[in-house]
Amino acid sequence: MAVSEEESSSAKSRSASNGVHYLSKCVLRGSVVLQVVQGHIRSPFSIDVVFGKETSVELVIIDEDGIVQSICEQPVFGTIKDLTILQWNDKFHPSGREMQGKDLLVVISDSGKLSFLTFSNEMHRFFPLTHIQLSTPGNPRHQIGRTLAVDSSGCFIAASAYEDRLAMFSVSMNAGSDIIDKKIFYPSENEGDSTTARRLNSISGTIWSMCFISRGFPHPNKEYNPVLAILLNRRGSFQNELLLLEWRLKEHVVVVISQCAEAGPLALSVVEVPHSYGFAFLFRVGDALLMDLRDAHNPCCVYRISLNFLPSAVEEQNFVEESCRVHDADEEGIFNVAASALLELSDMVKDDDPMSIDGDCGSVKSTLKHVCSWSWEPASGKNPRMIFCLDSGELFMVEISSDSDGLRVDLSECLYKGLPCKGLLWVEGGFLAALVEMGDGMVLKLEDGRLLYRSPIQNIAPILDMSIVDNQDEKHEQMFACCGMAPEGSLRIIRSGISVEKLLKTAPIYQGITGTWTVKMKVTDSYHSFLVLSFVEQTRVLSVGLSFTDVTDAVGFQPDVCTLACGLVGDGLLVQIYQNAVRLCFPSTAAHAEGIPVSSPICTSWSPDNIGINLGAVGQNLIVVATSSPSLLYILGVRHVSSSHYEVFVMQHVRLHHELSCVSIPQKDFGNKPSTSHSRMENKDLVHAHSDRVDVDKTFVIGTHKPSVEVLSFLPDKGLRVLAVGTISLTNTVETAIGGCVPQDVRLVLVDRLYVLSGLRNGMLLRFEWPATSMVPSLATLNQRVCTNSCLVNLDSSLLKATGPHNCALELPDKSKDNPVCLQLIAIRRIGIPPAFLIPLSDSLDADIIALSDRPWLLQTARHSLSYTSISFQPSTHATPVCSAECPKGLLFVAENSLHLVEMVHSKRLNVQKFHLGGTPRKVLYHSESKLLLVMRTELSHDSSSSDICCIDPLSGSILSSFKLDPGETGKTMELVRVGNEQVLVVGTSLSAGPAIMPSGEAESTRGRLIVLCLEHMHNSDSASMTFCSKGGSSSQRTSPFCDIVGYAADQLSSSSLCSSPDDNSCDGIKLEETEAWHLRLAYSTIWPGMVLAVCPYLDRFFLASAGNVFYVCNFPNDNSQRVRRLTAGRTRFMIMTLTAHFTRIAVGDCRDGILFYTYHEDARKLEQLYCDPVQRLVADCTLLDVNTAVVSDRKGSIAVLSCSNWSEDNASPECNLTRSCSFYMGEIAMSIRKGSFSYKLPADEILKGCDIANTVVDLSHSSIMASTLLGSIFVFIPISREEHELLEAVQARLVVHPLTAPVLGNDHNEFRSRESSAGVPKILDGDMLAQFLELTSMQQEAVLAFPLGSPDMVRLSQKPLCSAAITVNEVVRLLERVHYALN
């Protein structure tokens, strides 16, 4: 919307007392996979895997190499409880043809609804088909909303509560009806409250597991009664019962037909055997029973598998039962339940004590093994096979078959041993996805009776702490995070954008590069043969292979000119276009093995008469060049003259109304090219329709100075024809034309539909499509929505006279076919200020595209509208794909006068580098003087100590030194504190076993230790420098592709420019300063009465430390690090969890009273409490933005901004409450909060003078917040102005109710983001919801902004902005672009 002048001026004059406004965006989604299923999601033929990740859902595939590749991930704006696949049923007739043969995703969530989702290939995301209301939002334990089960025929679905209740649904078989036909709740609503519901044969108790039991082949036209098996734990019982329930459809009742409660080990799960019709496995502690349930009234066990048949050589310290895993018995017990997604259990009882999460779960380890995950072989047929994982990390396979003697069960030996898996999925192709709860999962391949490791499935959860470091070499900040739990604890370097593996960097000797291209020798070649580098006054051609050798002379290119374009026009025929001529070259064998066997290449040239060429393009059998004075367009061909002799000739030329700015010729045979993106799901019929109606072989795209983009075709017998024209006319919010809209680059793309991408000289991206009535362009439909304003002058007068057998006279085209279609502008984005260049990753028309402007971006061509993500690489001027046998996915960037060879890392779903540390890393700090990381680890397997503080090199991950704590001592916290001109490390520990906090929140009687460590230089005795990594032989140098570049000083390459893989824990050539190292020296320690859980520097000469419910102000007398003096103490009612300070303000966070503000009077040595939290809050972390504002996260998944008024502290009192400025429910616990230091302003903001919102942007980068969660997510909270907040609030109010963008699981968005918050507290804007706006086309964006608001709350949210003016798409897109740019 446009802000009026009165509002704008008054807004500027307002004081900061109105409060700060924030926008929240999840920049890295959680990596904990809690559910994993597979099905035909995108099409009846695709094999897709769905990861359920509590707050998001991710669609992935496992390719033929066993690498998990993400297709899409979307937030659900809710909490997923369970999900499963409803397989396509031939009896089910969906209303939409696009759903034919596709499986549905069934999800149960905290919305209280059963949701049926389908995947839209057009929108590239899941959409709901229908929702079935089951309970109120939040899903208390007595209401249905925990577990799902689907029968093998896909006809019935069951959903259960945590206890006492379940429901069953039958899938409709009638065409055009709803998905659900019948449903029944058991016990019924009336029965649930009656005493009869508590009788013995009811399901009163906790439902642990359930599955449907098939009892024979169902008759296709006969309705049958489903049977559901459930495991039930009755209150007070130490055994679980197996119950069989039958839904009698005719009577519409559920009856318990069998009940089995035999003495024995505790039963954990019941699992149906597929294709067995009546058999199921009952997994118990110590064994597994194969149950015969064909006679439901008389179930019996037919086979028992003992799970304790292996020798007890399993490392007990590495594999501990989840239910009994004990940490340091303090507040960190939350890590268990949070990371395993059992946080929802805290909602079971409203009166539950929030401190129960810190309770001691016992320390008794069971010696009996149990099955913790399993998966059946897909399409196993007669003899079903299952792979299961024990809690010891061992994987086995069991096969069930039948012979003359009856049922036979074959158990394999151990197939693989690793960490215990929380989920298994046997995927077609023999791959097994094994998911670990607090560590990286893996893809295994079943080969020759063994499971072999193929690739990792990254999981960085839980993130227990993080440190943000400015890396000058990377030109951006990077995050070091403590991830995982023992034994898989690791330090991760988290970067934004798409990961690239840096293979090589040359010396900065390539000044003045004007263009880069890679060229093949033959059209059918899989790899590139030549790399062409164009400079201001010269051109060099390098061979692509093990070494890049200069072969300019052998190829035949003119070396002393600036090349405008080059390419392959035919097998063995290379074309160079420069200002004076078009040069056709036939390389010799000296340049390529398949060249002509002569000493020098054969070359011929063509040039226009006394006219200079300003641009051109080369395609197969087609060359297009353009001149500027006069403006002409030449269509050139190549014809055979004699043996090894060809010539370039003019097939047609036309005069132009407007000078061309760019031209692009698509690859000829795109249909047979493999897609460069593994996530493609093409509509084959639509692709063939395009290829039949548009001759891509003779089609090209141009950009003009009009400005416009035009799609042209050239056929030898019909000549040049304009197929479509897209006029570029862009205005800002005040209707002023935007300058610089001339196309810099243009590409034709075909993914499900044909469209045109254009990068403009002002850094904007445009997407044009054929209008809906002409979605598949053809010559027969070109008269629809005609557009006659092409840049080409009368085509009829431009035909050349026939001068030979290859020049045919062109007939006058029929006027009905001569009018081009007007292309529809679908989406507009700005990615920077410099011109936007488009570089496809391959020759295929569906290849993803690199967009270069201020920084490299990756355009996902399969996505709807314009979707782009930053590439984790520095700003570059040029780029080209380099495909060789040694580097099939290579990319060559030109940046800072150097050539950078990198490779897109498709195997990494996350741009994260891992340094394995072992134990559980708790805290990480960056020491700027030594440039080292300081990491606190606990739960180490060392006999002498279970905790230490280690110094780690951030480049290689090497542990350089460590300080071990005493046996039985556990590290809790640490901070760097200044002592004079130096920094020391102050460490807090626990010396006591058992819980630190009472259930009431008060501190237990414990002991802790305060330690002061000095980080000092240590000189090595030998003269050699200490190398971080020692890769034998420097093999990367020997195979370096750029070692033999002739004439370009490749010998100047230094070993320091060769970097390792992002997953490698080393880096070649990186060394410490000679004879220098660092070590930690103990300077001071003392025992305190209480665990020291929090330490914080204060005013550069003090520090704060807490012990129990007391915190102290301490200093170092006379700047002596060997002495610590406690100056004064402050006391709270409950256990202190966090301490933070800003100038004179101290913020104390405890486990019940929340945040308390204090100040220290230095003269009187007295602490004074000023403000207190208005609500009870179990603090997870807190940071102060300034003396008046605190940001706090709690252990229930919300974050809040608290502030105090600017009154004098003389008038303050402990009774003064802090004001809740705004809040946001993340659904994840943020254990670490840090202040950010970036600005979300675009570089282009300086030129957006016509945009009112751009003029009101205030640099609030110092108030940005970053939060990391236990599920592995990273949230960024960006401060925005009041005007921006009002604008985006109105947009969000429409997005949350519009069918294209509403929460996919049916959650009330306002209710979800308001949880754990009192009524009336302003909400932080949801950037994930707003980001969907950028994924829509311009027409869809207009429809969203015009969407009516129904509920009074939504109307109230949007009334204030609407009073000024209507919301416009331009304003919203500009603002969201700036946010997207900054966060990438």
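Located above this text is the structure these notes cover.
Residues numbered from 1 in each chain as written. Predicted model: local features only at pLDDT ≥ 70, side-chain atom pairs only at ≥ 80, totals over all residues. Heavy atoms only, no water.

A.B. asks: How would you sum up the overall build of the chain? Please name residues and give values.
C.D. replies: Tallying secondary structure elements over the chain gives 14 helices and 86 strands in all. Counting only residues that meet the buried cut, the chain has 61% of its 1384 residues in that class. When the accessible surface of the chain is summed, it comes to about 53200 Å², and 48% of that surface belongs to carbon and sulfur atoms. (Helix = DSSP H or I, 4+ residues; strand = E, 2+ residues; numbered from the N terminus. Buried < 20%, exposed > 50% of the residue type's maximum accessible area, 1.4 Å probe, protein only. Areas by Shrake-Rupley, 256 points an atom, 1.4 Å probe, with all protein chains shown as cover.)

A.B. asks: Tell me about the environment of Asp-1153, residues and numbers included.
C.D. replies: Relative to the assigned elements, Asp-1153 resides in the loop between β76 (1145-1150) and β77 (1155-1161). Through-space distance from the C-alpha of Asp-1153 to that of Leu-1178 is 7.4 Å; in sequence the pair is 25 residues apart. Within the structure, Asp-1153 has its side chain in polar contact with the side chain of Arg-1133 (distance 2.8 Å). (Polar contact = N/O pair within 3.5 Å; in protein donor to acceptor, adjacent residues only side chain to side chain.)

A.B. asks: Any chance you could break down the packing of aromatic side chains for me, citing the residues and the numbers?
C.D. replies: Evaluated as defined, the whole model comprises 21 aromatic pairs. Relative to Tyr-1160, the ring of Phe-1102 has its centre 5.7 Å away and its plane inclined at 75 degrees; by these criteria the two rings are edge-to-face. Here the residue Phe-1102 occupies a position in strand β72 (residues 1102-1107), and Tyr-1160 occupies one in strand β77, the gap between them amounting to 58 residues. For the pair shown, Phe-1102 and Tyr-1160 are each scored as buried. One aromatic cluster is present, formed by Phe-281, Phe-283, Trp-374 and Trp-376 through successive ring pairs. Positioned above the aromatic ring of Phe-649, the side-chain terminus of Arg-639 is 4.3 Å from the ring centre. (Phe/Tyr/Trp six-rings, centres within 6.5 Å; stacked < 30°, edge-to-face > 60°. Lys NZ or Arg CZ within 6 Å of the ring centre and 35° of its normal.)

A.B. asks: Explain the pattern of salt bridges to me, using residue names and the numbers behind them.
C.D. replies: Scanning the entire structure with this criterion turns up 49 salt bridges. It is possible to trace a salt-bridge network through shared partners that takes in Asp-465, Lys-923, Glu-975, Asp-1181 and Arg-1234. (Salt bridge = Lys/Arg side-chain N within 4 Å of Asp/Glu carboxyl O.)

A.B. asks: Describe the side chain of Thr-84, listing the residues and the values that go with them.
C.D. replies: As for its placement among the helices and strands, Thr-84 is situated in strand β6 (residues 80-86). Residue contacts for Thr-84: discarding those within four places in its chain leaves Val-37, Leu-104, Leu-105, Val-106, Leu-148 and Val-150. (Contact = heavy atoms within 4.5 Å.)

A.B. asks: Tell me what's going on with the nonpolar core, and back it up with residues and numbers.
C.D. replies: With 41 residues, the main nonpolar core has Ile-460, Ile-494, Leu-1288, Val-1291, Leu-1330, Phe-1333 and Val-1372 as its most contacted residues. Where this core is concerned, the elements lending two or more residues are β1 (21-28), β31 (463-471), β32 (476-483), β85 (1274-1280), α9 (1282-1295), α11 (1327-1334), α12 (1338-1345) and α14 (1369-1383). Considering each element in turn, this core owes the most residues, 7 residues, to α14. In this structure Leu-1330 touches Leu-23, Leu-1288, Val-1291, Gln-1292, Leu-1295, Leu-1325 and Leu-1376, once residues within four positions along its chain are discounted. (Core = buried A, V, L, I, M, F, W, Y, C linked by side-chain atoms within 4.5 Å.)

A.B. asks: So what's going on with unusual backbone geometry? Residues and values would help.
C.D. replies: Most of the time, phi is negative for any residue but glycine, and the peptide bond is trans. Pro-187 follows Tyr-186 through a cis peptide bond whose omega is -15 degrees. When you line up the elements, Pro-187 lands in the loop between β13 (180-186) and α2 (189-192). Put simply, Lys-706 and Pro-707 share a cis peptide bond, and its omega is 0 degrees. Take Pro-707: it is sitting in the loop between β47 (699-704) and β48 (708-715).

A.B. asks: Just give me the short version of the sheet that holds strand β78 (residues 1166-1172), but keep the residues and values in it.
C.D. replies: Pairing is antiparallel in the open sheet, where 4 strands are placed in the order β75-β76-β77-β78. Each edge of the sheet is formed by a strand with only one pairing partner; in this case those strands are β75 (1136-1142) and β78. Strand-to-strand twist of the sheet, defined as the mean angle between neighbouring strand axes without regard to direction, takes the value 30 degrees. With 6 bridges connecting them, β77 and β78 associate as antiparallel partners. When the sheet's bridge partners are listed, Phe-1157 is paired in β78 with Tyr-1171. (Pairing = 2+ DSSP bridges. Axes fitted to C-alpha atoms, helices over the stretch in contact; angles between N-to-C directions.)

A.B. asks: Could you give an account of α9, with specific residues and numbers?
C.D. replies: Residues lying three or four places apart along an α-helix face the same way, a consequence of the helix completing one turn every 3.6 residues. For α9, built from 14 residues, the straight-helix expectation of 20 Å at 1.5 Å per residue is met to within 8% by its first-to-last C-alpha distance of 20 Å. Where burial is concerned, most of α9 is hidden: 13 out of the 14 residues are buried. (Expected span 1.5 Å × (residues − 1).)

A.B. asks: Describe a nonpolar patch on the surface, with residues and values.
C.D. replies: Taken together, Val-302, Tyr-303 and Leu-407 make up a surface patch of nonpolar side chains, about 240 Å² in accessible area. Take Tyr-303: it is sitting in strand β21 (residues 300-306). (Patch = residues over 30% accessible without salt bridge, like charges linked within 9 Å, V, L, I, M, F, W, Y side chains within 5 Å.)

A.B. asks: Lay out the pairing of strand β79 (residues 1179-1186) in plain terms, naming residues and giving numbers.
C.D. replies: With 7 of 8 residues buried, β79 is to be regarded as a mostly interior element. Of the strand pairs in this sheet, β79 and strand β80 (residues 1189-1194) are connected by 6 bridges, and their pairing is antiparallel. Directly across from Val-1179, in β80, lies its bridge partner Asp-1194.

A.B. asks: Mind laying out the sheet that holds strand β60 (residues 890-895), listing which residues take part and the relevant values?
C.D. replies: Spatial ordering of the open sheet is given by β34-β61-β60-β59, a layout of 4 strands whose pairing is antiparallel. Every other strand in the sheet has two partners, leaving β34 (500-505) and β59 (878-882) as the edge strands with one partner each. Across this sheet, the average inter-strand angle for adjacent strands is 25 degrees, counted without regard to direction. Where β59 lies against β60, 5 bridges are found, and the strand directions are antiparallel. Paired with His-878 across the two strands is Val-894, which belongs to β60.

A.B. asks: For the packing of α11 against α14, give the residues involved together with the corresponding values.
C.D. replies: Remark: α11 packs on α14, axes separated minimally by 10 Å, with the N-to-C direction vectors making an angle of 120 degrees. Taken together, the axes of α11 and α14 are oblique relative to one another. Crossing angle aside, the handedness with which α11 passes α14 is left-handed. Listed contacts from α14 to Leu-1330, Phe-1333 and Leu-1334 of α11 are Val-1372, Val-1373, Leu-1376, Glu-1377 and His-1380. (Parallel < 35°, antiparallel > 145°, perpendicular 65-115°, else oblique. Left-handed = near helix turned anticlockwise from the far one by under 90°.)

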